[in-house]
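# Chains, contacts and geometry: an overview
Residue-level listing of the chains:
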Amino acid sequence: MSAKYKAMEVSAPGTLRLVERPIKEPGPGQVRIRVEACGVCHSDAATVMGIWPGLTLPRVPGHEVVGRIEALGTGVTRWKIDQRVGVGFFGGEDGVCEPCRRGDVVNCQNPVVSGITVDGGYAEMMIAEARGLAAIPDELTSVEAAPLLCAGITTFNALRNAGLRAGDLVAVQGVGGLGHLGIQFARQMGFRTIAIGRGNDKEKLAKNLGAHVYIDTTVEDASAVLQRMGGAKAILATAPSGSAMGPLVSGLAARGKLIIVGVPDDQIQLSAVPLIFGGRTIEGSLTGKAIDNEDTLAFSVLANIRPMIETVPLEQAADAYARMIQGKARFRMVLVTKAGVAQGKPVK
């Protein structure tokens, strides 16, 4: 085995370059993963553009990582050599801060964040905390599983933790990287699923994904349509447009909630009236723990939910990132290493 591995690192803000790094042994409580696939997520911009507070460069991005364990650090007993595992955005918690002590691990004050506080999966290898691993079901290829570790868990957890009941009217704003998974989860969870998008070209796809109704915001007022249907118990806002998110509050039923999972560049403008009259709320939802990732993967297998994917070789990570940022991906870009190709033909 070579003493080095290839990685795509951010050497300066806006610069992704291919480098070779020496292979390291995992420390106590860690594993070394030979990466097979890594999803490209919009959140990777925090690393690529160097905007994450306190970010140290160089850094390898990537937090939708799937591969096989090839080395165990001391004290690791839960995992085995050659076991296929995944690592999401949260790669581990400190366990001692107040949120952790109260069981709110997702809001750890000193988290291990893949691709930000530690090197991520735009590489042939990755060192990961054993406590942050998720087992990958045999029914999913590594390429299929990778986007589910961020885009999947983000939409899955947001919906399943929203206090909804089967048959509730739930709208998903955006038919993109997050939205195309949110629609599938909402339908399979038993909700009356409404997709909201711009243009009639997305209607067929939205309905194929499971939407009962599609609202084209270029010709209809989404909030007005939702109110004619009785109001949404929840609206999952996935498209990164603050100007589009704010008005959706008026489409909620009394006590309904707008759940923000997409991060817009512009501000969300709100009117207080629909919030006060009707007791409507707005909340954010941020991925989840390692066990939540396993729940997401298991439900995806059970309900036959899959991400729509384009694959590219690891060495073309810069092109894949640019395609994602420009909104040209349909809908998730996934980097595949030589180890991933060796495991079988990547899913397109």
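To start, this report covers the structure provided alongside it. Computed from a predicted model, the values in this text were never measured in an experiment.

All right, on to the sheet that holds strand E10 (residues 169-173) then. Overall, parallel pairing links the 6 strands, which are arranged E12-E11-E10-E13-E14-E15 in an open sheet. The two strands at the open ends of the sheet, each matched to only one other strand, are strand E12 (213-216) and strand E15 (281-284). Averaged over all adjacent pairs, the angle separating strand axes in this sheet is 20°, with direction ignored. Taken together, the 5 bridges between strand E13 (residues 232-237) and strand E14 (residues 252-260) define a ladder with parallel strand orientation.

On to the pattern of salt bridges. The tally for this structure, following the rule as stated, stands at 19 salt bridges. Residue Lys289 is joined to Asp292 by a salt bridge in which the shortest nitrogen-to-oxygen separation is 3.3 Å. The class of Lys289 is partly exposed, set by a relative accessible area of 34%. For Asp292, a relative accessible area of 9% puts it in the buried group. Among the charged side chains, a salt-bridge network with shared partners connects Glu9, Arg17, Arg21, Arg59 and Asp119.

Quick look at the packing of aromatic side chains now. Per the stated rule, a full pass over the model turns up 5 aromatic pairs. Arranged with centres 5.3 Å apart and planes meeting at 55°, the rings of Phe156 and Phe185 form a pair that is tilted. With a gap of 29 residues between them, Phe156 in helix H3 (residues 142-160) and Phe185 in helix H4 (residues 179-188) connect regions that are remote in the sequence. The exposure class assigned to Phe156 is buried, which follows from its relative accessible area of 5%.

So, how was this worked out
- Residues numbered from 1 in each chain as written.
- Predicted model: local features only at pLDDT ≥ 70, side-chain atom pairs only at ≥ 80, totals over all residues.
- Heavy atoms only, no water.
- Pairing = 2+ DSSP bridges.
- Helix = DSSP H or I, 4+ residues; strand = E, 2+ residues; numbered from the N terminus.
- Axes fitted to C-alpha atoms, helices over the stretch in contact; angles between N-to-C directions.
- Salt bridge = Lys/Arg side-chain N within 4 Å of Asp/Glu carboxyl O.
- Buried < 20%, exposed > 50% of the residue type's maximum accessible area, 1.4 Å probe, protein only.
- Phe/Tyr/Trp six-rings, centres within 6.5 Å; stacked < 30°, edge-to-face > 60°.

The values are spatial; any link to function lies outside them.
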